[in-house]
Amino acid sequence: MSWMRNLILKSSSTLKPRTPVAPTTLPSLYNSFTVFSTESAAAASQSPPQPVVHQYAGLGPTAPKEKPRVVVLGSGWAGCRLMKGIDTNIYDVVCVSPRNHMVFTPLLASTCVGTLEFRSVAEPIATIQPSISSEPGSFFFLGNCTGLDANAHEVHCETRTDGSQALDPWKFKISYDKLVIACGAQASTFGIRGVEEHAIFLREVHHAQEIRRKLLLNLMLSDVPGITEEEKCRLLHCVVVGGGPTGVEFSGELSDFIMRDVRQRYAHVKDYIHVTLIEANEILSSFDDRLRRYATRHLIKSGVQLVRGIVKDVEPDKVILTDGAEVPYGLLVWSTGVGPSPFVKSVDLPKSHGGRIGIDEWLRIPSVQDVYAIGDCSGFLDSTGKSVLPALAQVAERQGKYLASHLNMIGKAGGGRANSAKDIDLGDPFVYQHLGSMATIGSYKALVDLRQSKEGRGLSLAGFTSWFVWRSAYLTRVISWRNRFYVAINWLTTLIFGRDISRI
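Remember, it's a predicted structure, so these values are computed and weren't measured experimentally.

About the criteria used
- Residues numbered from 1 in each chain as written.
- Predicted model: local features only at pLDDT ≥ 70, side-chain atom pairs only at ≥ 80, totals over all residues.
- Heavy atoms only, no water.
- Helix = DSSP H or I, 4+ residues; strand = E, 2+ residues; numbered from the N terminus.
- Contact = heavy atoms within 4.5 Å.
- Buried < 20%, exposed > 50% of the residue type's maximum accessible area, 1.4 Å probe, protein only.
- Lys, Arg positive; Asp, Glu negative; His and termini not counted.
- Salt bridge = Lys/Arg side-chain N within 4 Å of Asp/Glu carboxyl O.
- 1 Å grid on protein atoms, 1.4 Å probe; cavity = no way out; pocket = protein on both sides within 12 Å on 5 of 7 lines; lining within 4 Å.
- Points joined across faces, edges and corners; volume = space filled by probe spheres on them.
- Nonpolar A, V, L, I, M, F, W, Y, C, P; charged D, E, K, R; others polar.
- Disulfide = S-S within 2.5 Å.
- Patch = residues over 30% accessible without salt bridge, like charges linked within 9 Å, V, L, I, M, F, W, Y side chains within 5 Å.
- Areas by Shrake-Rupley, 256 points an atom, 1.4 Å probe, with all protein chains shown as cover.
- pLDDT = per-residue confidence, 0-100.
- Pairing = 2+ DSSP bridges.
- Axes fitted to C-alpha atoms, helices over the stretch in contact; angles between N-to-C directions.

A.B. asks: How would you explain the side chain of Ser175 if you had to name every residue and give the values?
C.D. replies: When you line up the elements, Ser175 lands in strand E10 (residues 171–175). Look past the residues within four positions of Ser175 in its chain and what remains in contact with it is Leu59, Gly60, Pro61, Arg69, Val71, His153 and Glu154.

Structure (structure tokens):
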């Protein structure tokens with residue numbers, strides 16, 4: 001087999017490292033992997049010394065022969081749309097995010113009750129931008145950004161792992177030529193005690209999984225002999241706080257699930273389960289008045305109880321309102337808007353209204369070079385004369401699309417390197433035009449509001465036709481053909497066989 005040995009030696013001699021960065025020695029790194037070992041401690045102590053393990057301290061500045069590096073913080077609507085449109089012949093792309101996929105949030109509520117499978121709304125980043133898994137200078141790092149050094153053109157990051165065997169975070173640095181902050185926002189609790197501990201948000205796939213498991217668990221527990229009537233009513237009371245599109249859509253999906261599936265498969269407890277939607281003002285405040293009234297009538301007809309009130313406190317088994325009323329619950333879903341994330345709060349950058357990172361008309365952060373912010377974490381500064389845009393998926397997507405074209409233009413003009421775009425024409429500024437709003441309210445009914453502003457005029461639809469438009473529009477907006485196929489098949493399966501009620 002000498003020819004095989006010669007082939008291996010020849011192949012190994014021609015291999016090149018993927019990225020030319022200097023490693024640093026981490027002698028303790030081997031110890032962090034011992035949780036995966038099946039050997040006993042005694043055997044491990046008698047084993048021979050292990051080789052020194054090396055880990056890259058990070059990605060250093062790009063060399064003149066390398067492509068400029070765009071670092072994207074986040075994998076939401078804004079960041080993923082940017083990565084999809086960036087020209088990888090001009091730039092290397094590095095993404096840092098605590099998740100390796102994008103969530104198609106308009107369909108997330110449908111996964112909570114089994115209308116859709118969870119994988120149908122999760123799009124891998126490697127599918128959105130294939131160069132991340134194929135190009136030698138492009139990477140995806142599972143982690144969070146913890147700091148920014150704009151003068152040195154580098155970000156400080158640390159890995160993030162979840163679960164019972166989560167590893168201690170490893171800190172590393174990434175140098176950038178262009179930095180795009182697209183880390184989104186976090187659910188707003190308004191400082192109300194008990195929300196973080198007892199409520200479930202609806203922003204990520206794992207939130208939907210937790211809601212589904214909790215809902216099905218309560219259904220099964222309520223059927224156990226010996227459960228009191230009061231406890232059974234509490235377990236099967238689903239409370240939703242927040243009357244925006246997410247809260248209304250989840251309430252509609254849940255009431256549809258109760259009427260079409262629970263009443264058939266949990267006949268013993270079908271008269272106990274009900275849904276309450278708590279909102280301080282009007283539900284769907286951004287929609288046309290006629291559509292709001294239609295949604296209110298339909299939700300009440302579907303069995304959803306609408307309560308106008310403000311939550312004062314959240315306890316393990318009940319919600320307390322400011323008027324003293326107590327609302328017991330078995331499942332509490334919190335959907336009251338978003339606020340700035342801890343990273344956005346901590347970074348030393350100018351802020352706009354609501355604590356967002358301040359940007360100019362070209363989505364730049366004026367106080368630093370080569371740094372941009374898009375999506376829910378950004379807002380126009382007062383000096384621009386523009387109002388802060390709402391935290392909507394279409395806003396983030398349009399900003400990501402614009403910034404990708406803007407960076408491609410700068411790169412073609414020779415401004416892709418750090419501190420090299422000062423004298424380059426910036427082109428047209430970003431202009432947002434609202435395309436309308438849509439929301440499903442259950443029972444094959446939906447709302448479509450095509451007005452460009454709350455005070456403007458435009459087409460507004462409600463009912464089955466709107467539901468068909470809603471489904472058609474979002475099916476075409478799903479990024480990959482694979483997930484479009486998943487969504488279409490899931491909808492058809494649910495229509496014919498009903499929703500899956502397995503608790504996995």
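From this point, the narrative continues.
A.B. asks: Tell me what's going on with the side chain of Lys232, and back it up with residues and numbers.
C.D. replies: Residue placement: Lys232 occurs in helix H9 (residues 229–235). Of the side chains with opposite charge, Glu229 comes closest to the buried, unpaired Lys232, at an N-O distance of 4.5 Å. Those residues within four positions of Lys232 in sequence are excluded, and the remaining contacts are Ser222, Ile227, Val269 and Tyr272.

A.B. asks: So what about empty space enclosed by the protein? Which residues, and what values?
C.D. replies: Tallied over the entire structure, the rule returns two cavities of 30 Å³ or more. Of the pockets and cavities examined, the largest cavity occupies roughly 60 Å³. The wall of the largest cavity is formed by 13 residues, among which Arg356, Gly375, Ser378, Leu389 and Val395 lie closest to the centre. Estimated volume of the second largest cavity: approximately 40 Å³. Around the second largest cavity, the lining residues are Met102, Phe104, Ser120, Val121, Ala122, Glu123, Val478, Ile479 and Asn483. In terms of residue class, the lining of the second largest cavity is built from six nonpolar, two polar and one charged.

A.B. asks: Got a sec to walk through the state of the cysteines? Specific residues and values, please.
C.D. replies: Joining two cysteines, a disulfide is a covalent bond between their sulfur atoms. By the definition in use, this model includes zero disulfides. With no disulfide of its own, Cys95 lies closest to Cys80 among cysteine sulfurs, the gap being 6.6 Å. Using a relative accessible area of 0% as the deciding quantity, one classes Cys95 as buried.

A.B. asks: Explain a nonpolar patch on the surface to me, and be specific about the residues and the numbers.
C.D. replies: Residues Phe485, Ile489, Leu492, Leu495, Ile496 and Phe497 make up a contiguous nonpolar surface patch of about 660 Å² in total accessible area. Turning to its location among the elements, Phe497 is positioned in helix H15 (residues 481–497).

A.B. asks: How would you summarise the confidence of the model for the protein if you had to cite specific residues and measurements?
C.D. replies: Counting all residues, the mean pLDDT for the protein is 88, and 88% of those residues have values of 70 or more. This stretch, residues 1–47, has a pLDDT under 50; its non-local contacts, to residues over four places away or in other chains, come to 40 contacts.

A.B. asks: Run through the sheet that holds strand E27 (residues 460–463), naming residues and quoting values.
C.D. replies: If you trace the three strands from one edge of the open sheet to the other, you get E25-E26-E27, paired in antiparallel fashion. Single-partner strands in this sheet number two, and they are strand E25 (437–442) and E27. Ignoring which end each strand starts from, the neighbouring axes of this sheet average 10 degrees apart. Sheet strands in contact with helix H14 (residues 464–477) are E25, strand E26 (445–449) and E27, and its direction is about 75 degrees off that of E26.

A.B. asks: Pulling in residues and values, what's your account of the environment of Tyr486?
C.D. replies: Considering the arrangement of structural elements, one finds Tyr486 in helix H15. Along the chain, Tyr486 and Glu117 lie 369 residues apart, while their C-alpha atoms are 8.1 Å from each other. Apart from the residues within four sequence positions on either side, Tyr486 is in contact with Arg119 and Ser120.

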